[in-house]
Amino acid sequence: MDTSALEALTFEFGDLEERLADPAVHSDQALLRKLSRRHAELAPVIRTARELDQVEADLAAARELAEEDPGFADEVEELAARIPVLGERLTELLLPRDPHDASDIVLEVKAGEGGEESALFAADLLRMYQRYAERQGWRTEVLDANTSDLGGYKDVTVAVKGRGNGPDGVWARMKFEGGVHRVQRVPVTESQGRIHTSAAGVLVYPEVEDVEIDIEDKDLRIDVFRASGHGGQSVNTTDSAVRITHLPTGLVASCQNERSQLQNKARAMMVLRARLLALAEEEAAAAASAARRSQVRTVDRSERVRTYNFPENRISDHRVGFKAHNLDQVLAGELDPVLDALGNADRRERMEAAGQAR
């Protein structure tokens, strides 16, 4: 255990408590939110460290008493068993955190191989994520969508926002969803009942604050156009939809769901910032997280991270060997078991890496 790191965090925690007690901080909501999130992030570390100190002190006292009264032997044994458990928990809490864990996300689902069936599967994935978000008390907002003839999605972009200032936001839970998702089922377009395989791609970006990404006006081309609905028909008589192109990178973000051009521009800029941050972190390979690097930009069925098999009602995540026969429940939003498996695997890897570093 890195005692110097723990001492630094303990000092920081005390400083945060003093600042959060300052009325002046509460007049600045952005600063208050930032400090509150950091305080919530450090609280489990400090609480566990204090509990470990108390148990060690109690153990020392119980051992002294046991020398005179054997009746304290059971208490000694119980306290001694708690110390390695608390020590492991504290070591895990001291592992470096993903700096975006408290962030909301921008999520994209893109149809891939499989034509119309892939677009319908993309719509299934979107509903799955929306239902899971409802279970978590998160808010979802469709920012941009390109529908297919049968009501699927060629591509769709959604903002997912969490509930508050806690240490873990939507990104902490959803960051491993990026990659190619493969489906095996009989398509509605299949007249002979044959099972087909198609795929859709999922991309997940942390939503970033304005200060994290510096975007100059001269680097942007902003186009406005009329929003269109299903089948391409116009649903707006004014040019309210906005498409923003970042000229240095060629990245494009658009939004047409709001009524005003200003609102659509703000939503498109939010998506663009998230994509630029993801690009910058990918280019800095040494600093980019393994989760971000695993997200696949081409929707190739052979590069799948997860398979949804309808005939067997089976879901399989190939990265961690997770398998369950409750696909209908997963598509209804019960994603916790597979997300838990991914999160636990990530923690094990980080714990192993920390042990090797020592």
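Residues numbered from 1 in each chain as written. Predicted model: local features only at pLDDT ≥ 70, side-chain atom pairs only at ≥ 80, totals over all residues. Heavy atoms only, no water.

In the nomenclature of an unreviewed UniProt entry, the protein corresponds to Peptide chain release factor 1 from the organism Actinoalloteichus hymeniacidonis. Under the UniProt heading Sequence similarities (unreviewed entry), the note attached to the protein is "Belongs to the prokaryotic/mitochondrial release factor family." Word for word, the UniProt comment on the protein under Function (unreviewed entry) is "Peptide chain release factor 1 directs the termination of translation in response to the peptide chain termination codons UAG and UAA." (UniProt positions renumbered as here; feature names shortened; annotations may be inferred.)

Engineer: Where do I start with the overall build of the protein in this structure?
Structural biologist: A tally of regular secondary structure across the protein gives ten helices and eleven strands. Going through the 358 residues of the protein one by one, you find that 43% of them count as buried. Across the protein, every contact between residues at least 6 apart in sequence was considered, and the portion connecting residues at least 24 apart equals 63%. Carbon and sulfur atoms provide 47% of the accessible area of the protein, an area that totals close to 18,900 Å². (Helix = DSSP H or I, 4+ residues; strand = E, 2+ residues; numbered from the N terminus. Buried < 20%, exposed > 50% of the residue type's maximum accessible area, 1.4 Å probe, protein only. Contact = heavy atoms within 4.5 Å. Areas by Shrake-Rupley, 256 points an atom, 1.4 Å probe, with all protein chains shown as cover.)

Engineer: Teacher, can you tell me more about the pattern of salt bridges here?
Structural biologist: Applying the stated criterion across every chain, the model contains 28 salt bridges. In this structure, D124 engages R185 in a salt bridge whose closest nitrogen and oxygen atoms are separated by 2.7 Å. Placement of D124 in helix 5 (residues 116-136) and of R185 in strand 4 (residues 179-185) is noted, with a sequence separation of 61 residues between them. In terms of burial, D124 and R185 fall into one category: buried. Look at the salt bridges and you will find they share partners, linking E12, R38, E41, R97, D98, D101, D168 and K175 into a network. (Salt bridge = Lys/Arg side-chain N within 4 Å of Asp/Glu carboxyl O.)

Engineer: Before we go on, may I ask you to explain helix 1 (residues 3-20) in this structure?
Structural biologist: Counted at 1.5 Å a residue, the expected span for helix 1 with its 18 residues is 26 Å, and the 26 Å between its end C-alpha atoms agrees. Among all positions in helix 1, only L6, L9, F13, L16 and L20 are buried. All buried residues of helix 1 lie within an arc of 80 degrees about the axis, which places them on one face of the element. In helix 1, the exposed positions that point more than 90 degrees away from the buried face belong to T3, E7, F11 and E18. (Expected span 1.5 Å × (residues − 1). Arc of directions from axis to C-beta.)

Engineer: Is there a simple way to think about the sheet that holds strand 3 (residues 153-161) in this case?
Structural biologist: Within a sheet, adjacent strands bond to each other through the backbone by hydrogen bonds, running parallel or antiparallel. The sheet built from eight strands is open, its strands ordered 2-3-1-5-4-9-10-11 with mixed pairing. Two strands bound the open sheet, and with one partner strand each, they are strand 2 (139-147) and strand 11 (322-324). On average, each strand axis in the sheet is inclined to that of its neighbour by 15 degrees, with strand direction left out of account. Direction of pairing for strand 4 relative to strand 9 (residues 304-309): parallel, over a ladder of five bridges. Bridge pairing in strand 9 links V183 to Y308. (Pairing = 2+ DSSP bridges. Axes fitted to C-alpha atoms, helices over the stretch in contact; angles between N-to-C directions.)

Engineer: Teacher, can you tell me more about the nonpolar core here?
Structural biologist: One recurring pattern in soluble globular proteins is that nonpolar side chains are buried together. Membership of the largest hydrophobic core comes to 37 residues, with the highest contact counts inside it found for L125, M174 and Y308. Among the secondary structure elements, those contributing two or more residues to this core are strand 1 (105-111), helix 5, strand 3, helix 6 (170-174), strand 5 (196-206), strand 11, helix 9 (327-331) and helix 10 (336-357). Of all the elements, helix 5 adds the most residues to this core, at nine residues. For Y308, the contacting residues outside a window of four places in its chain are F121, L125, M128, H181, R182, V183, Q184, R314, I315, L327 and L331. (Core = buried A, V, L, I, M, F, W, Y, C linked by side-chain atoms within 4.5 Å.)

Engineer: Got a minute to help me understand the packing of helix 1 against helix 3 (residues 29-68) in this structure?
Structural biologist: The geometry of a pair of packed helices is captured by two quantities: the angle between their axes and the separation between those axes. Two elements in contact, helix 1 and helix 3, have axes separated by 9 Å at closest approach and are oriented at 135 degrees. By the angle between their axes, helix 1 is oblique relative to helix 3. Helix-helix and strand crossings are classified by hand; for helix 1 and helix 3 the assignment is left-handed. Between helix 1 and helix 3, the contacting residues are L6, L9, T10, E12, F13, L16, E17, R19 and L20 on the first element and L31, L32, L35, S36, R38, H39, L42, A43, V45, I46, A49 and R50 on the second. Here the residues of the contact of helix 1 with helix 3 are counted per class, giving 13 nonpolar, three polar and five charged. (Parallel < 35°, antiparallel > 145°, perpendicular 65-115°, else oblique. Left-handed = near helix turned anticlockwise from the far one by under 90°. Nonpolar A, V, L, I, M, F, W, Y, C, P; charged D, E, K, R; others polar.)

Engineer: Would you mind showing me how to read the environment of A159 here?
Structural biologist: Inspection of the secondary structure puts A159 in strand 3. C-alpha separation for the pair A159 and Y205, spaced 46 residues apart in sequence, amounts to 9.7 Å. Beyond its immediate sequence surroundings of up to four residues, A159 is in contact with I105, R139, T140, E141, L143 and M270.

Engineer: I'm lost on the packing of aromatic side chains in this one. Help?
Structural biologist: In this description, an aromatic ring pair is defined by two values, namely the gap between the centres and the angle between the planes. Inspection of the entire model under this criterion finds two aromatic pairs. Aromatic side chains F121 and Y308 sit 5.3 Å apart centroid to centroid with 65 degrees between the ring planes, which places their arrangement in the edge-to-face category. Highlighted residues: F121 in helix 5 and Y308 in strand 9, separated in sequence by 187 residues. The same class applies to F121 and to Y308, which are both buried. Pairing Y132 with W138 gives two aromatic rings, centres 5.6 Å apart and planes at 80 degrees, and the pair type is edge-to-face. Taking relative accessible area as the criterion, Y132 reaches 1% and is therefore assigned buried. Of note, R185 hangs over the ring of F310, and the distance from its end group to the ring centre comes to 4.8 Å. (Phe/Tyr/Trp six-rings, centres within 6.5 Å; stacked < 30°, edge-to-face > 60°. Lys NZ or Arg CZ within 6 Å of the ring centre and 35° of its normal.)

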